[in-house]
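# Breakdown of the fold
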Protein chains: 2
Amino acid sequence: MSNSLNSNFKRQRRSNKSAAELIQGIRSGNNADLAIGITILESTKQEHHELADEIINGCLPFAGNSIRLGITGVPGVGKSTFIETFGNHLIEKGYKLAVLAIDPSSQKSGGSILGDKTRMETLVRNDNAFVRPSPSKGSLGGVAKATRESIILCEAAGYDFIIVETVGVGQSEIAVRGMVDFFLLLMLAGAGDELQGIKRGIMEMADALIITKADMEESRKVKAAMAEYKNAMHLFPPHDSEWIPQVGSCSAISGEGINTILETIESYVNTTKLNGFFDKNRTAQDLKWMDERINELLLESIKNKAEFQRLSHTLSDQITQGKISPFRAAEELIRILKVG
Amino acid sequence: MSNSLNSNFKRQRRSNKSAAELIQGIRSGNNADLAIGITILESTKQEHHELADEIINGCLPFAGNSIRLGITGVPGVGKSTFIETFGNHLIEKGYKLAVLAIDPSSQKSGGSILGDKTRMETLVRNDNAFVRPSPSKGSLGGVAKATRESIILCEAAGYDFIIVETVGVGQSEIAVRGMVDFFLLLMLAGAGDELQGIKRGIMEMADALIITKADMEESRKVKAAMAEYKNAMHLFPPHDSEWIPQVGSCSAISGEGINTILETIESYVNTTKLNGFFDKNRTAQDLKWMDERINELLLESIKNKAEFQRLSHTLSDQITQGKISPFRAAEELIRILKVG
């Protein structure tokens, strides 16, 4: 997938479109422009920052109208197959969907698990769908930031459902929970919780828990797993949304249970729009987003200053020579800069 | 374990020890003082920050002399049992060890998986061991920061081996890799990679991969798994350390393979001290630590200012009323503050 990133960059450089042209393209449903826009958001190059800000600001007035879904589950649970079937179901219902996938797990070689095989083939080829893997490099914070901003661009492009998929179970789920309306956890029947590596904390965040591959297991097993998870869900503190998390099952192969999941999501949206939680949750997410963006801008502006860079360089040398601890060095820098 | 955190706080308040007294206690091997010190590091309360900084600065001159080990593996692989057996082996060899466990997975209820059962009982009761679970609340960044600083305190207390254990497989492993000398991945024979939820990226970071519960599996299965993992490890780019990651097996019940693991770690330390990587790696970690500490201090000092708080409050109101996007609000704040 890094190849497609590269080719996006090349195309962007070749086309050399302005922010206004890209915004125009994104708004008119041009997926190539949307892909270039997201590549610019993901770029860590200084020269792309300003362009990225312009694109986001241009898209923001047209954002906010999608249903944002987070989907997670351990590798092997069948996330791609589920999203493919669920996505095609959405398209049949007349919706457009965008899929953003987060996978910051391979930091060293930069190889993305997602890139190993072609995924969601029918969605990739459908004009009403947009599938985008995250960059395989970068910190979780950086990837989460780019994903949050990508949601804005996808919404401006007119997508009705934005699915944010996380691969693996852990910290990235917490980041995704902070940017979606509804959080769906996929589980297997049969395998023990422990082996599935599912943390209590992930289950707690879920608005629905769906047993996948229901066609491949005895129905007795699926029912037993559902009963077990229903019990487990009861032990968690009630959600602020007043929504009672649903437990269901589906088969992405036979299509069984797929429409029920959509109905569950629609019911959640209706319920929480009525009781005010939907908007309250988005506002809370927005406030957190502002805070993170402030952190980013503050650090960027201070660290770009020549005095900061000179000081940081000197102190780094002293650390390398073992003359000062990193902890003291940081204090020293702040003291000299007189930021406080 | 949150009970023990609470009782530590109570004890600290009761004893009301000064930073100097705590440093003295830590240095003289008083584990109660070490526990209080770590509780202060972990505290998010403003009034503990200064005390925490004093304690760290007081301990830093006596830090750096341990071997820092990261240990990870999915739930169910037997991490606690392994650490207990391995830890007792270290103690028999005359070493002291501290175990710091990171588990930021349950953010909502704050319940730690670690707290559900008594773990590492014999180590907990041994004077040559110190076992400390991470706080169950807080962001990964916050927990990682506290763990890094806790290493300093444990080293000042004279522990020869510091084990940083992560529960789960994902982003927290990357944080731990950034603070240890040697990274050990525990795996099960028999279960497929996918079900084990092990990411390629985690395997890539490992200096050794050990198949646990070797006594419970047919030796044929263990050998097959070892061969498979050896092959997999060969496909990764070579480590900067020039160390070839080792694949082995052990039984924490019978003790088989436990001493070989210690020998592997000693061999790694010798090799990398000779070729210079050991120190180079620690310096790189220190530079990253300085950078993170600078970020933290910069944001803290700016965000504590009255003008910042007034502006942030006004902009938050405007976001809540839907008058401004979080993205623009952040830009507005930076512009008015004139930080740039």
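Here the structure is a predicted model, which means the values were calculated and not measured.

What follows covers the confidence of the model for chain A. Residues and elements named next belong to chain A. A residue-level look at chain A finds 85% of positions with pLDDT of 70 or above and a mean pLDDT of 86. In this model, residues 106-117 is a region of pLDDT below 50 whose contacts with residues beyond four sequence positions or in other chains number 33 contacts. Interface confidence for the predicted complex, given as ipTM, is 0.80, next to a pTM of 0.79.

Summed over all chains, the structure comprises 12 aromatic pairs over all chains. With 5.0 Å between their ring centres and 80° between their planes, Phe182(A) and Tyr268(A) make a pair best called edge-to-face. One end of the pair, Phe182(A), is in strand 5 (residues 182-188); the other, Tyr268(A), is in helix 12 (residues 258-274), with 86 residues separating them in the sequence. Like Phe182(A), the residue Tyr268(A) is buried in the burial classification. With a centroid separation of 5.0 Å and an interplanar angle of 70°, the aromatic rings of Tyr95(B) and Phe161(B) are classed as edge-to-face. With Tyr95(B) in the loop between helix 5 (79-92) and strand 2 (97-102) and Phe161(B) in strand 4 (residues 161-166), the pair connects residues that are 66 residues apart, well separated along the chain. With a relative accessible area of 27%, Tyr95(B) lands in the partly exposed category.

The next point concerns the domain arrangement of chain A. Residues and elements named next belong to chain A. The domains assigned to chain A are domain 1 (62-275) and domain 2 (288-337). Taken together, the two surfaces of domain 1 and domain 2 that pack against each other cover about 370 Å², and 60% of this comes from carbon and sulfur. When the area that domain 1 buries against domain 2 is broken down by residue, the three leading residues are Lys145, Arg148 and Glu149, summing to 87%. Seen at the junction of domain 1 and domain 2, the total is 2 salt bridges. With a closest N to O distance of 3.1 Å, glutamate 296 and lysine 145 form a salt bridge. Across the side of domain 1 that touches domain 2, the residue classes tally to 1 nonpolar, no polar and 3 charged.

All names here are of chain A. Spatially, 3-2-4-1-5-6-7 is the arrangement adopted by the 7 strands of the open sheet, whose pairing is parallel. Both edges of this open sheet fall to strand 3 (129-133) and strand 7 (246-249), since each of them pairs with a single strand only. Strand-to-strand twist across the sheet, computed as the mean angle between neighbouring axes with direction ignored, equals 20°. Relative to strand 4 (residues 161-166), strand 2 (residues 97-102) is paired through 6 bridges, and the arrangement is parallel. Residue pairing across strands places alanine 101 opposite glutamate 165, the latter belonging to strand 4. Where helix 11 (residues 219-234) meets the sheet, it contacts strand 5, strand 6 (208-212) and strand 7, and its direction lies at approximately 165° from that of strand 7. Set on the sheet, helix 12 makes contact with strand 1 (67-72), strand 4, strand 5, strand 6 and strand 7; between it and strand 5 the angle comes to about 150°.

Analysis parameters
Residues numbered from 1 in each chain as written. Chains lettered and ligands numbered in written order. Predicted model: local features only at pLDDT ≥ 70, side-chain atom pairs only at ≥ 80, totals over all residues. Heavy atoms only, no water. pLDDT = per-residue confidence, 0-100. Contact = heavy atoms within 4.5 Å. Phe/Tyr/Trp six-rings, centres within 6.5 Å; stacked < 30°, edge-to-face > 60°. Helix = DSSP H or I, 4+ residues; strand = E, 2+ residues; numbered from the N terminus. Buried < 20%, exposed > 50% of the residue type's maximum accessible area, 1.4 Å probe, protein only. Domains from an automatic or database assignment. Buried area = accessible area lost by both parts, 1.4 Å probe. Salt bridge = Lys/Arg side-chain N within 4 Å of Asp/Glu carboxyl O. Nonpolar A, V, L, I, M, F, W, Y, C, P; charged D, E, K, R; others polar. Pairing = 2+ DSSP bridges. Axes fitted to C-alpha atoms, helices over the stretch in contact; angles between N-to-C directions.

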